[in-house]
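Each chain, letter by letter, is given below.
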Amino acid sequence: MKLFGTEFGGHIAIAQYADGAWTAPSIEPLAPLPMHPAAHVFHYASTCFEGFKAYRWKDGKGRIFRLHDHVARMRKSAASLCLPVPGADMLANMVIGAVHANLDAIPEPPASLYLRPTLIGTLENIGAAAAPSTKATLFVLTSPVGDYFAGGAAALKLLVEDQKARTTEQLGSTKTGGNYAAALGPTIAAKEKYGVDQVLFCPDGDVQETGAANFLLISDDEILTKSLDTTFLHGMTRDSILKLGAEMGYRISERPFTVDELLEKVATYEACLSGTAATLSPVGTLVYKGEEIRVRDGQPGPNRKKLQTALQNIQYGLEPDTHGWLTEVA
Ligand SMILES: *Cc1c(COP(=O)(O)O)cnc(C)c1O
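Per chain, residue numbering runs from 1 following the sequence as it is written. Owing to the predicted nature of the model, reporting of local features is limited to residues with pLDDT of at least 70; listing and counting of side-chain atom pairs is limited to 80 or more, with chain, interface and lining totals taken over all residues. Calculated side-chain values reflect all of the structure's heavy atoms, with hydrogen atoms and water omitted.

Participant: Sorry, what's going on with the overall build of the chain here?
Facilitator: Numbering goes from the N terminus for both helices and strands, where a helix is a DSSP run of H or I of at least four residues and a strand is a run of E of at least two. Along the backbone of the chain there are seven helices and 17 strands. Radius of gyration: C-alpha atoms only; globule rule: 2.2 Å multiplied by the number of residues to the exponent 0.38. A compact globule built from 330 residues should have a C-alpha radius of gyration of about 20 Å, and the chain, at 20 Å, falls within 12% of that. Counting only C-alpha atoms and orienting by the principal axes, one finds that the chain spans roughly 55 × 50 × 35 Å. Think of it in three bands: residues with accessible area under 20% of the maximum for their type are buried, residues over 50% are exposed, and the middle band is partly exposed, with areas taken using a 1.4 Å probe on protein chains only. Counting the 330 residues in the chain, one finds 52% classified as buried. Two residues form a contact once any of their heavy atoms are found within 4.5 Å. Counted over contacts in the chain with a minimum sequence separation of 6, partners at least 24 positions apart contribute 72%. Of the accessible surface of the chain, which amounts to about 14400 Å², a share of 54% is contributed by carbon and sulfur atoms. A distance of 2 Å separates the average location of the 30 positive side-chain charges in the chain from that of its 36 negative side-chain charges. Note on areas: Shrake-Rupley, 1.4 Å probe, and residue coverage restricted to the protein chains presented here. For the charge count, each Lys or Arg is scored as positive and each Asp or Glu as negative, with His and the chain ends excluded. Charge positions come from single atoms, namely NZ of Lys, CZ of Arg, CG of Asp or CD of Glu.

Participant: Would you explain the layout of surface pockets in this entry?
Facilitator: Over the atoms a probe the size of a water molecule is rolled, and this reveals where empty space is left. Here the largest pocket is characterised by a volume of approximately 1100 Å³. Think of a 1 Å grid over just the protein atoms. A cavity is a set of points where a 1.4 Å probe fits yet cannot get out, a pocket is an open set with protein on both sides within 12 Å along at least five of seven lines, and lining residues have an atom within 4 Å of a point. For the largest pocket, the lining is made up of 43 residues, of which Tyr148, Gln198, Ala212, Ala213 and Ala277 are closest to its centre. Every element with two or more residues in the lining of the largest pocket is listed here: α2 (67-80), β7 (112-121), α4 (177-194), α5 (236-247) and β14 (270-275). Sorting elements by how many residues they give to the lining of the largest pocket places α4 first, with seven residues. Amino acids outside the nonpolar list (Ala, Val, Leu, Ile, Met, Phe, Trp, Tyr, Cys, Pro) and the charged list (Asp, Glu, Lys, Arg) are all regarded as polar, and Gly is one of them. In terms of residue class, the lining of the largest pocket is made up of 20 nonpolar, 15 polar and eight charged. Where a domain begins and ends is set by an automatic assignment or by a domain database. Counting contributing residues per domain, the lining of the largest pocket is built from domain 1 (11-145) and domain 2 (156-315), each supplying no fewer than three. Grid points are joined across faces, edges and corners, and a volume is the space filled by probe spheres set on the points.

Participant: Would you mind showing me how to read the site of the ligand here?
Facilitator: Nearness is defined per residue: one heavy atom within 4 Å of the molecule or strand is enough. Around the ligand, a shell composed of 16 residues is seen, among which Lys175, Tyr180, Glu209, Thr237 and Thr276 lie nearest. In the analysis that follows, any N or O atom pair within 3.5 Å is treated as a polar contact, provided that within protein one partner can donate a hydrogen and the other can accept it, and provided that, for residues neighboring in sequence, both atoms belong to side chains. Contacts to the ligand include arginine 73, whose side-chain N or O atom sits 2.9 Å from an oxygen atom. Contact distances for the ligand include 2.7 Å between an oxygen atom and a side-chain N or O atom of threonine 237. For the ligand, whose free accessible area comes to 380 Å², the fraction covered by protein is 96%. Judged by the proximity of its atoms to the pocket grid, the ligand belongs to the largest pocket. Contributions of two or more residues to the shell around the ligand are made by α2 and α5. Class assignment for the residues of the shell around the ligand results in five nonpolar, seven polar and four charged. Pocket occupancy is defined atom-wise: a molecule lies in a cavity or pocket when more than half of its atoms are within 2 Å of its grid points.

Participant: Is there a simple way to explain the packing of α5 against helix α7 (residues 302-315) in this structure?
Facilitator: When two helices pack together, their arrangement is given by the angle between the helix axes and the distance between those axes. With axes taken as lines fitted to C-alpha atoms, and helix axes fitted only over the stretch in contact, angles between N-to-C directions fall between 0 and 180 degrees. One way to put it is that α5 packs onto α7 with a least axis distance of 10 Å and a crossing angle of 105°. Considering the angle they form, α5 stands roughly perpendicular to α7. Contacts between α5 and α7 involve Thr237, Ser240, Ile241, Leu244 and Gly245 from the former and Leu307, Ala310, Leu311 and Ile314 from the latter. Residue classes in the contact of α5 with α7 are distributed as six nonpolar, three polar and no charged. Just so you know how the angles are binned, under 35 degrees is roughly parallel, over 145 roughly antiparallel, 65 to 115 roughly perpendicular, and the rest oblique.

Participant: Please explain the pattern of salt bridges as it appears in this structure.
Facilitator: Charged atoms that come close allow side chains of opposite charge to pair. The salt bridge criterion pairs a side-chain nitrogen of Lys or Arg with a carboxyl oxygen of Asp or Glu, the two atoms within 4 Å. Under the definition given, this model contains 18 salt bridges. Its salt-bridge partner being lysine 226, residue aspartate 229 comes within 3.0 Å of it at the nearest N-O pair. Lysine 243 is paired through a salt bridge with aspartate 239; the nearest N and O atoms lie 2.8 Å apart. Of this pair, lysine 243 and aspartate 239 both sit in helix α5, separated by four residues, roughly a single helical turn. Note on lysine 243: relative accessible area 38%, which makes it partly exposed. One connected set of salt bridges, linked through shared partners, spans Asp59, Lys61, Arg63 and Glu328.

Participant: How do you make sense of α2 when you look at a structure like this?
Facilitator: Think of an α-helix as turning once every 3.6 residues; residues three or four places apart then point the same way. Each residue after the first adds 1.5 Å to the expected span of a helix. Along its 14 residues, α2 runs 20 Å from first to last C-alpha, staying within 8% of the 20 Å computed at 1.5 Å per residue. When we look at burial in α2, the residues that qualify are Leu67, His70, Val71, Arg73, Met74, Ser77 and Ala78. For α2, the angular spread of buried residues about the axis comes to 165°, placing them on one side. Seen from the buried face of α2, the exposed residues on the opposite side, beyond 90 degrees, are His68 and Lys76. When we speak of the arc, we mean the arc of directions from the helix axis to the C-beta atoms.

And the structure:
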């Protein structure tokens with residue numbers, strides 16, 4: 001299997017928006033998109049996307065994880081960028097169509113088909129900096145991905161950044177390209193200076209998230225993570241882990257917490273990043289004010305593994321889906 005995100009399903013689902021209406025979505029062979037150089041997205045970053053997965057079970061059918069929640073999140077992202085908001089049914093059916101068209105290419109779990117619905121503003125007007133794009137293209141790209149932890153779950157090293165924010169408060173919970181552009185510079189600089197894998201953004205000491213994953217502290221009986229607000233992306237993995245964790249007897253604490261509390265807690269709590277690509281990644285080391293701080297003994301912990309397994313068992317069809325999280329594609 002190639003690197004995550006570099007191999008693609010042979011077909012995409014695609015629809016266009018113009019004159020106040022969407023065209024009927026179609027399934028097309030994967031090919032470059034013809035684009036006008038004045039397209040709104042190139043100049044004013046009118047773009048949002050989603051990222052989630054479909055699995056192929058032993059019965060040969062696909063199962064999409066939390067399809068309707070991802071559709072809802074994408075519609076929120078589109079609205080926050082003043083892009084045409086695709087109908088929930090249309091978008092869900094485009095995703096199902098894209099999974100169906102690429103079903104045979106999905107290897108069995110733990111491999112999966114990563115799904116990347118993308119919406120871009122295509123209005124041909126470089127004078128529209130302060131005007132919404134009234135034309136848009138919506139497509140669902142797919143990418144077969146292998147087991148994220150095929151080489152074992154190595155504990156990550158994070159820089160604790162207590163000044164800079166990942167992005168702006170009004171777009172923090174929008175899955176939009178500009179947010180990653182904003183986090184890129186500080187992340188590359190931290191990699192070079194401290195040899196860290198990621199930056200944990202904690203503006204004014206408020207522990208938020210990294211460039212593309214949520215942050216959780218986990219003990220034998222508690223899961224602590226920041227309560228939902230507009231500063232960070234509301235991850236579906238975070239939400240799923242909190243729901244499963246509650247059922248498994250963990251006390252769920254959703255509240256703001258500071259860098260001071262973080263540094264205290266990591267003596268005994270495990271730290272994890274959560275996101276669709278890796279589910280739960282262990283964090284072994286924090287770098288703060290030039291000093292390295294171990295998270296417990298610096299190794300991946302047992303609670304991360306327990307919660308990750310509970311989530312994956314549902315995704316892989318090894319445990320019943322009591323939450324109605326999976327959509328079957330035959
Ligand atoms: C996508 C994303 C996440 C993780 O969300 P999931 O729904 O769990 O995949 C977290 N933070 C950011 C900034 C993201 O873009």
